[in-house]
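# Examining the three-dimensional arrangement
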Amino acid sequence: MLFVSIKKQLTHFKLDVEFTLKDEIAVLFGKSGSGKTTILNCIAGLMKPEQGKIYLNKKVLFDNKNNVPIQHREIGYLFQDYALFPHMTVWKNIKYGMSNEEFAKHLMNELKIAQLKDAYPHEISGGEKQRVALARALATEPKLLLLDEPFSALDDSTRAISHDQLLRLHELWKIPVILVTHSREEAEKLGDRILEIVQGEFKKESFH
Amino acid sequence: MTDINMSPLWLSFKTATIATIIVFIVGVFLARIISRHSFPGKSILEAIFLLPLVLPPTVVGFGLLYIFGKNGFLGRILLDWFDVQVVFSWYAVIIAAIVVSFPLMYQSAQAAFKQYDPKIEHAAYTMGASRWKVFWTISFPIAWPGLLAGLVLTFARALGEFGATLMLAGYIPNVTDTIPLAIYFAVESGNMEMAKFWVAIIVTLGFGAILWLNWWNKRNMIRYSKKSD
């Protein structure tokens, strides 16, 4: 269970959101620059809210007294452009934050990237990069998964496959997932809940 | 020509190597911290770091003389507390080399740390890595081509330093006579054969360093930049 309450002044508006999330996929849907990625960054610990509370499974990640460092938040984060380590092979990328090699192999098989083990990020396709980044985000067995427009750079058929893969993985993992997108179609296909954000505030919430 | 004293070669190498090691460590450390942080006075601090690049070496030498001279702020402390006299010593040669070559390393390191997306480091943090681990396993290897370019330029600049060295260290055979100083004083004393010899040595070293850097760039930098796509 994730509880988020964030207040933060951004350049053009004030971000002011509050939501609770069970082991479901919540989609943050809205235009570019509406504050979606800022919410993810605050939850991950990359940015600090001015006010608010963030709890993950009753553990305080942020409040007016605590600000748990990124390293100890147990959150998997898949960045928009994947942010793979360019000088490391796929295997080293995935294994970077973990000690359990068997689990890394299992993840690679699950995401069908085992054959890319020795390839470098510049040698693989966009869809493969996305799967490597997903495997890497899951490798540390996070309690929450943040996905920042992970499908935006993919072609239609690869995107459809990736959508199905995410839904299947979520069935297996059962952790809260927050997905950021500006595609309504994607939001409706993947989200158990859709939180529509406009200028830093939730304007509409729908359930699927 | 048969009885050339080779001490300028040894002294220049020793000085440039020590200066390069110090400049590399300090330059990389400062560039790393300053490139990712904003604070009041950052522009002024960076301007001070880069000042030796635009000032005439004699002005740099004058400034160093002012600081490290017998009545200078640091010069007095070093003399009173440690009985170390900097002016006209080998330490002066190293200090001059450090100060004039530092901006090159700092600029190269700063560019190297800025050329990749900070999200790459953020990703490592979310995977539980400490700052130290992220620096050694992510930031440093990715920035390495740029750092290496800075390293080579720093060494070449330290090797060729003349003006500030002459101001602060003077010309004392076997103590402060680096190759550039040896060339100047050989010409001044009319010993053109000696001057030609040292010119040939320093041109070969400089040319070799640039040639090697270009070769290394072609071989590795392209691979690295592709990897950053």
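The rules behind the values
- Residues numbered from 1 in each chain as written.
- Chains lettered and ligands numbered in written order.
- Predicted model: local features only at pLDDT ≥ 70, side-chain atom pairs only at ≥ 80, totals over all residues.
- Helix = DSSP H or I, 4+ residues; strand = E, 2+ residues; numbered from the N terminus.
- Contact = placed C-beta atoms within 7 Å.
- Core = buried A, V, L, I, M, F, W, Y, C linked by C-beta atoms within 7 Å.
- Buried ≥ 20, exposed ≤ 12 C-beta atoms within 10 Å, placed from the backbone.
- Expected span 1.5 Å × (residues − 1).
- Axes fitted to C-alpha atoms, helices over the stretch in contact; angles between N-to-C directions.
- Left-handed = near helix turned anticlockwise from the far one by under 90°.
- Nonpolar A, V, L, I, M, F, W, Y, C, P; charged D, E, K, R; others polar.
- Pairing = 2+ DSSP bridges.
- Parallel < 35°, antiparallel > 145°, perpendicular 65-115°, else oblique.

### Some thoughts on the overall build of chain B
- Each helix and strand in chain B was counted, giving 10 helices and 0 strands.
- Each helix and strand of chain B, ordered N terminal to C terminal, gives the series α-α-α-α-α-α-α-α-α-α.
- If you line up chain B on its principal axes, its C-alpha atoms span 65 × 45 × 30 Å.
- Pairs at least 24 apart in sequence give 75% of the contacts found in chain B among residues at least 6 apart.

### Brief notes about the nonpolar core
- Residues V27, A135 and L146 of chain A together with I95 and A96 of chain B are the most contacted members of the largest nonpolar core, which totals 115 residues.
- Here this core takes 16 residues from helix α5 (residues 90-114) of chain B, the largest share from any one element.
- Once residues within four sequence positions are removed from consideration, A96 of chain B is found in contact with G61, L64, E161, A164, T165, L168 and A169 of chain B.

### Some details on helix α5 (residues 156-173) of chain A
- For α5 of chain A, with 18 residues, the first-to-last C-alpha span of 25 Å sits near the 26 Å given by 1.5 Å per residue.
- The positive-phi residue at the C-terminal boundary of α5 of chain A is K174 of chain A, with phi of around 50 degrees.

### Some remarks on the packing of helix α3 (residues 101-110) of chain A against helix α4 (residues 126-139) of chain A
Residue and element names in this part refer to chain A.
- As a packed pair, α3 and α4 sit with axes 10 Å apart at the nearest point and diverge in direction by 145 degrees. Classified by chirality, the crossing of α4 by α3 is right-handed. In this structure, α3 contributes A104, L107 and M108 to the contact, and α4 contributes A135, L138 and A139.
- For the contact of α3 with α4, the per-class residue count stands at 6 nonpolar, no polar and no charged.

### A few points about the pairing of strand β5 (residues 59-62) of chain A
- For strand β4 (residues 51-56) of chain A and β5 of chain A, the ladder comprises 3 bridges, and the chain directions are antiparallel. Bridged to Y55 of chain A within β5 of chain A is V60 of chain A.

### Regarding the sheet that holds strand β2 (residues 14-21) of chain A
Residues and elements named next belong to chain A.
- The 4 strands are arranged β2-β1-β4-β5 in an open sheet whose pairing can be described as antiparallel. In the strand order of this sheet, the two ends are held by β2 and β5, each with one partner. If you compare each strand with its neighbour and ignore which way they point, the axes differ by 20 degrees on average.
- In this sheet, β4 lies alongside strand β1 (residues 2-9) in antiparallel orientation, the contact comprising 6 bridges.

### Thoughts on the environment of G128 of chain B
- With respect to the secondary-structure elements, G128 of chain B resides in the loop between α6 (119-126) and α7 (131-160).
- Taking the C-beta count within 10 Å as the criterion, G128 of chain B has 18 such neighbours and is therefore assigned partly exposed.

### Observations regarding the packing of helix α3 (residues 57-68) of chain B against α5 of chain B
All names here are of chain B.
- As a packed pair, α3 and α5 sit with axes 11 Å apart at the nearest point and diverge in direction by 125 degrees. Here α5 runs oblique to α3, going by the angle between their axes. Viewed along their axes, α3 and α5 form a crossing whose handedness is right-handed. Residues P57, V60, G61, L64 and F68 of α3 form the contact with α5, whose participating residues are A92, I95, A96, V99 and V100.
- In terms of residue class, the contact of α3 with α5 is built from 9 nonpolar, 1 polar and no charged.

### Describing α4 of chain A
Residues and elements named next belong to chain A.
- The end-to-end C-alpha separation of α4 is 20 Å, in line with the 20 Å expected for 14 residues at 1.5 Å each.
- Buried within α4 we find K129, Q130, R131, V132, A133, L134, A135, R136, A137, L138 and A139.
- Contacts from the buried residues of α4 go to β6 (75-78), α2 (90-95), α3, β7 (144-148) and α5.
- Just downstream of α4, E141 is the residue with a positive phi angle, here 50 degrees.

### Concerning the sheet that holds strand β9 (residues 193-198) of chain A
Residues and elements named next belong to chain A.
- If you trace the 6 strands from one edge of the open sheet to the other, you get β6-β7-β8-β3-β9-β10, paired in mixed fashion. Two strands in the sheet have a free side with no partner beyond their single neighbour: β6 and β10 (201-207). Across the sheet, the axes of successive neighbouring strands diverge by a mean angle of 20 degrees, strand direction being ignored.
- Sheet analysis places strand β3 (residues 25-29) next to strand β8 (residues 177-181), joined by 5 bridges and oriented parallel. When the bridges of β8 are listed, V27 appears paired with L179.
- In this fold α4 packs onto β6 and β7, with an angle of close to 165 degrees to the strand it touches most, β6.

### Some words on the interface of chain A and chain B
- If you look at the interface, chain A gives 18 residues, while chain B gives 19 residues.
- In terms of residue count, β6 of chain A provides more of the side of chain A that touches chain B than any other element does, 3 residues in total.
- Class assignment for the residues of the side of chain A that touches chain B results in 12 nonpolar, 6 polar and no charged.

### Things to note about unusual backbone geometry
All names here are of chain A.
- Even without being a glycine, K58 presents a positive backbone phi close to 70 degrees.
- Along the polypeptide, K58 turns up in the loop between β4 and β5.
- Residue E74 is not a glycine yet carries a positive backbone phi of 60 degrees.

### Regarding the pairing of β2 of chain A
Residues and elements named next belong to chain A.
- Here β1 pairs with β2 via 8 bridges, running antiparallel. Considered in β2, the bridge of F3 is made with T20.
- Linking two consecutive strands that pair antiparallel, namely β1 and β2, is a turn of 4 residues.

### Concerning the environment of I54 of chain A
Residues and elements named next belong to chain A.
- With respect to the helices and strands, the residue I54 is situated in strand β4.
- Along the backbone, I54 and A44 are 10 residues apart, and their C-alpha atoms lie at a distance of 9.9 Å.
- With residues up to four places along the chain from it excluded, the contact list for I54 reads V4, I43, L61 and F62.

Such coordinate-based values are descriptive only and should not be taken to indicate function.
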